[in-house]
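Remarks on the overall topology
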Amino acid sequence: MPPAKKYKILYITSEVVPFIKTGGLADVSSALPQKLQEMGHQVRIVVPKYGAIDERKYKIHEVVRLKDLTTFIGEKEVTFSLRSSFLVGQKARVQIYFLDNQEYFGSRHSLYTDPITGEMFKDNNERFILLSKSIFELINRLGWIPDIIHCNDWQCGLVPVYLKTQFKDEPGFENIKCLYTIHNLAYQGEYPKSTLHKTGLSEFIKNDSDLIENGKVNFMKAGILYADTINTVSETYAKELCKYPEYGEGLHEVLLKRKKDIFGIVNGIDDAVWNPLKDKQIEKKYSLKTLEDKEENKKALAEKFGFDYDPEVPIIGMISRIDSNKGFDLIKKAFNEILKMNIRLVLLGTGDKKLHSFFQEASVSKSSKFSCYIGFDEELAHLIEAGSDMFLMPSKIEPCGLNQMYSLVYGTVPIVRETGGLADTVVRFDEKTGNGNGFVFKKYEKEDLVKEIKKAVKIYSTDKKKWQKIMKNGMKLDFGWLSSSKNYVELYKKMVTSK
Ligand code: GLC
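Okay, the layout of surface pockets next. Counted as a void, the second largest pocket has a volume near 900 Å³. Around the second largest pocket, the lining comprises 31 residues; the ones closest to its centre are V17, Q34, D270, A272 and V273. Among the secondary structure elements, those contributing two or more residues to the lining of the second largest pocket are α1 (24–38), β4 (76–88) and α12 (378–387). Counting residues per element, the lining of the second largest pocket draws most heavily on α1, which supplies five residues. Of the residues contributing to the lining of the second largest pocket, the split by class is 13 nonpolar, six polar and 12 charged.

What follows concerns the packing of helix α15 (residues 446–462) against helix α16 (residues 464–475). For any two helices packed against each other, one specifies the crossing angle of their axes together with the interaxial distance. Contact geometry for α15 and α16: axes closest at 6 Å, N-to-C directions at 120°. In terms of axis orientation, α15 runs oblique to α16. Facing α15, whose interface residues are A456, I459, Y460 and T462, α16 presents K464, K466, W467 and I470. Split into classes, the residues belonging to the contact of α15 with α16 amount to five nonpolar, one polar and two charged.

The next point concerns the site of the ligand. Near the ligand the following residues occur: G24, L25, V28, H183, V233, N267, K326, E398, P399, C400, G401 and L402. Between the ligand and E398, the relevant distance is 2.5 Å, taken from an oxygen atom to a side-chain nitrogen or oxygen of the residue. Interatomic distance of 2.9 Å between a backbone N/O atom of C400 and an oxygen atom of the ligand. For the ligand, the accessible surface in isolation is 310 Å², of which the surrounding protein chains cover 93%. The residue makeup of the shell around the ligand, split by class, is six nonpolar, four polar and two charged.

A few words now on the sheet that holds β4. The strand order across the open sheet built from nine strands is β3-β4-β5-β2-β1-β6-β7-β11-β12, with neighbouring strands paired in mixed fashion. Sheet topology places β3 (69–73) and β12 (262–264) at the edges, where each strand pairs with a single neighbour. The sheet shows a mean angle of 30° between the axes of neighbouring strands, direction not considered. With four bridges joining them, strand β1 (residues 8–12) and strand β6 (residues 148–152) adopt parallel strand pairing. Following the sheet pairing, Y11 is matched in β6 by H150. Helix α7 (residues 235–243) contacts β11 (229–232) and β12 of the sheet and is inclined by roughly 145° relative to β12. This element, helix α17 (residues 482–497), spans β1, β6, β7 (177–182), β11 and β12 of the sheet and lies at about 140° to β7.

This part covers the packing of aromatic side chains. Across all of its chains, the model carries 26 aromatic pairs by this definition. Look at F19 and F98: their rings are 5.2 Å apart centre to centre, the planes differ by 80°, and that puts the pair in the edge-to-face class. One end of the pair, F19, is in the loop between β1 and α1; the other, F98, is in strand β5 (residues 93–100), and 79 residues separate them in sequence. As far as the burial class goes, F19 and F98 line up, both buried.

For the rest of this paragraph, the subject is the sheet that holds strand β9 (residues 212–213). Taking strand neighbours across the sheet as the criterion, the three strands line up as β8-β10-β9 in an open arrangement whose pairing is antiparallel. Taken across any chain shown, the strands that pair with only one partner, and hence form the sheet edges, are β8 (190–191) and β9. The pairing of β9 with strand β10 (residues 216–218) spans two bridges and is antiparallel. The residue of β10 that forms the bridge with I212 is V217. Contacts from helix α6 (residues 219–226) reach β8, β9 and β10 within the one sheet, and its direction differs from that of β10 by about 50°.

With that settled, the discussion passes to unusual backbone geometry. Following V17, the chain continues into P18 via a peptide bond in cis, with omega recorded as 5°. The residue P18 is located in the loop between β1 and α1 in this model. Located in the positive-phi region is D68, a residue other than glycine, with phi close to 50°. Structurally, D68 can be placed in the loop between β2 (42–48) and β3. According to the relative accessible area criterion, D68 is exposed, its value standing at 51%.

To continue, consider the domain arrangement of the chain. Domain parsing of the chain yields domain 1 (8–268 + 482–497) and domain 2 (288–478). Each of domain 1 and domain 2 has a C-alpha centre, and these two points are 32 Å apart. For the pair domain 1 and domain 2, the summed buried area comes to about 1,400 Å², and 54% of that belongs to carbon and sulfur atoms. Contact with domain 2 buries surface across domain 1, with K21, T236 and Y247 losing the most and accounting together for 26% of the total. For the pair domain 1 and domain 2, the interface holds one salt bridge. For E378, the salt bridge identified is with K21, shortest N-O distance 3.6 Å. Taken together, domain 1 and domain 2 are joined by nine residue pairs in polar contact (both at pLDDT 80 or more). Contributing elements (two or more residues each) for the side of domain 1 that touches domain 2: α1 and α7.

Taking 1.5 Å as the rise per residue, α15 with 17 residues should run 24 Å; its terminal C-alpha atoms sit 24 Å apart, in good agreement. Taken residue by residue, α15 has L449, V450, E452, I453, A456, V457, I459 and Y460 as its buried positions.

What follows deals with the pairing of strand β15 (residues 370–374). A regular strand carries its side chains on alternate faces of the sheet. Looking at chain direction, strand β14 (residues 344–349) and β15 are connected through five bridges and run parallel. Looking across to β15, one finds that L345 is bridged to F370. Handedness of the β14-helix α11 (residues 353–365)-β15 crossover: right-handed.

Turning next to the packing of helix α10 (residues 328–340) against α15. α15 packs onto α10 with a crossing angle of 50° between their chain directions and a minimal axis gap of 9 Å. Classified by the angle between their axes, α10 and α15 sit oblique to one another. As α10 packs across α15, the resulting crossing turns out to be right-handed. Contacts between α10 and α15 pair L330, I331, K333, A334, E337 and I338 from the former with K446, L449, V450 and I453 from the latter. Residue composition of the contact of α10 with α15, grouped by class: seven nonpolar, no polar and three charged.

How each quantity is defined
- Residues numbered from 1 in each chain as written.
- Predicted model: local features only at pLDDT ≥ 70, side-chain atom pairs only at ≥ 80, totals over all residues.
- Heavy atoms only, no water.
- 1 Å grid on protein atoms, 1.4 Å probe; cavity = no way out; pocket = protein on both sides within 12 Å on 5 of 7 lines; lining within 4 Å.
- Points joined across faces, edges and corners; volume = space filled by probe spheres on them.
- Helix = DSSP H or I, 4+ residues; strand = E, 2+ residues; numbered from the N terminus.
- Nonpolar A, V, L, I, M, F, W, Y, C, P; charged D, E, K, R; others polar.
- Axes fitted to C-alpha atoms, helices over the stretch in contact; angles between N-to-C directions.
- Parallel < 35°, antiparallel > 145°, perpendicular 65-115°, else oblique.
- Contact = heavy atoms within 4.5 Å.
- Near = heavy atom within 4 Å.
- Polar contact = N/O pair within 3.5 Å; in protein donor to acceptor, adjacent residues only side chain to side chain.
- Areas by Shrake-Rupley, 256 points an atom, 1.4 Å probe, with all protein chains shown as cover.
- Pairing = 2+ DSSP bridges.
- Phe/Tyr/Trp six-rings, centres within 6.5 Å; stacked < 30°, edge-to-face > 60°.
- Buried < 20%, exposed > 50% of the residue type's maximum accessible area, 1.4 Å probe, protein only.
- Domains from an automatic or database assignment.
- Buried area = accessible area lost by both parts, 1.4 Å probe.
- Salt bridge = Lys/Arg side-chain N within 4 Å of Asp/Glu carboxyl O.
- Expected span 1.5 Å × (residues − 1).
- Right-handed = clockwise from strand over helix to strand, strands pointing away.
- Left-handed = near helix turned anticlockwise from the far one by under 90°.

Laid out in structure tokens, this is it:
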């Protein structure tokens, strides 16, 4: 058999661990490229260089031929550079380029929102037009023509449009295929119509309406319509998107147009980073064989959140963007009933400002049972995964979700709603057979959520042996990126070989 073809992949993203992160996209943008590189493919990543990225720490340096490049945003001539470094993993080193422009990225620490108002930056349209156009300059300057441009979420939605229109006749570009991965359909990058002029695309596309939805330029819609292939981050979510209008976040009709080109590939987890046996950010490392050491993490977690440690009282952890898609309106409704149980509840995350204040107030008024940290803290996230007994994720919509997988391998039993990636990774525990690794409820209703938590708490409190069985069932699973990466390679192959 001839050796499998190796691909050149240009991976465009707005966040990458360890450089910068607001959500799961950053984890995926780090782990998948590394795994692909490890498998022998040639991957290069492009990400904006926000002010918060530490240049010295990550040895980000200038590349002479990628310095002082120019492009247009509307009539405005914009100068930018691409600086270079490596994403260094355990087994692979991936070339990464940082898009450097002081005005749009370097001068701001925050990625998408103004930290003072909490609102999206007004010029996010211009910022991500720049990201999208910069990659074509990069390809030309390097003379490195990728087989695949793999782009992610609304921030990269214009990439496929530029590729298929304005830049399609550049030498060598005709064979480049574009994969568009949807991690989060709730954010679409919607801007006033004047943005159309800024993109400069009007003279190249047949219908302006391709880029417009509800009277606004919509980057996500553009990506969906122009990419060769689209995928999302679990099989169930891919099906839900095409089946139920309410999952489409207003783009259901657009998605239906591309139905046959939409695939689902579940994310993996980076098992070098999320592994209780190797985790340097937790109180005490542990494994299936030293399960009792998990307790040390529970003690540390209780202390961190200001609770007395009690081995008999389960701690339920939550790490999430705090918004209604992640189930926080449901938690709010069920809050008093949940706190009637003999549990402790901890929350780490940011999101909807109104919900923040609800939880912040509750952590004062109900401080003996509930505590929260509004913000983002990677180390604390590791401790919550290691120290909690259960992990709650009652999402209304969940493209994939990573924390339920982290929880499973940390022996922290997930309680989830049956949707998207949660449905694909958490298996309902069956008391008769002893199979399964978590607690799963179906209807997005307060009663169902409360009932499921009660079920978990009851087994935890009355049947330690059974509880350990559930923990162990989860810990034995392998969510490494290998199998998902192979699915991506298959998808690339399909794209490259189709005409
Ligand atoms: C988004 C989704 C989440 C997914 C992550 C990585 O944050 O909401 O479900 O796991 O992207 O793909």
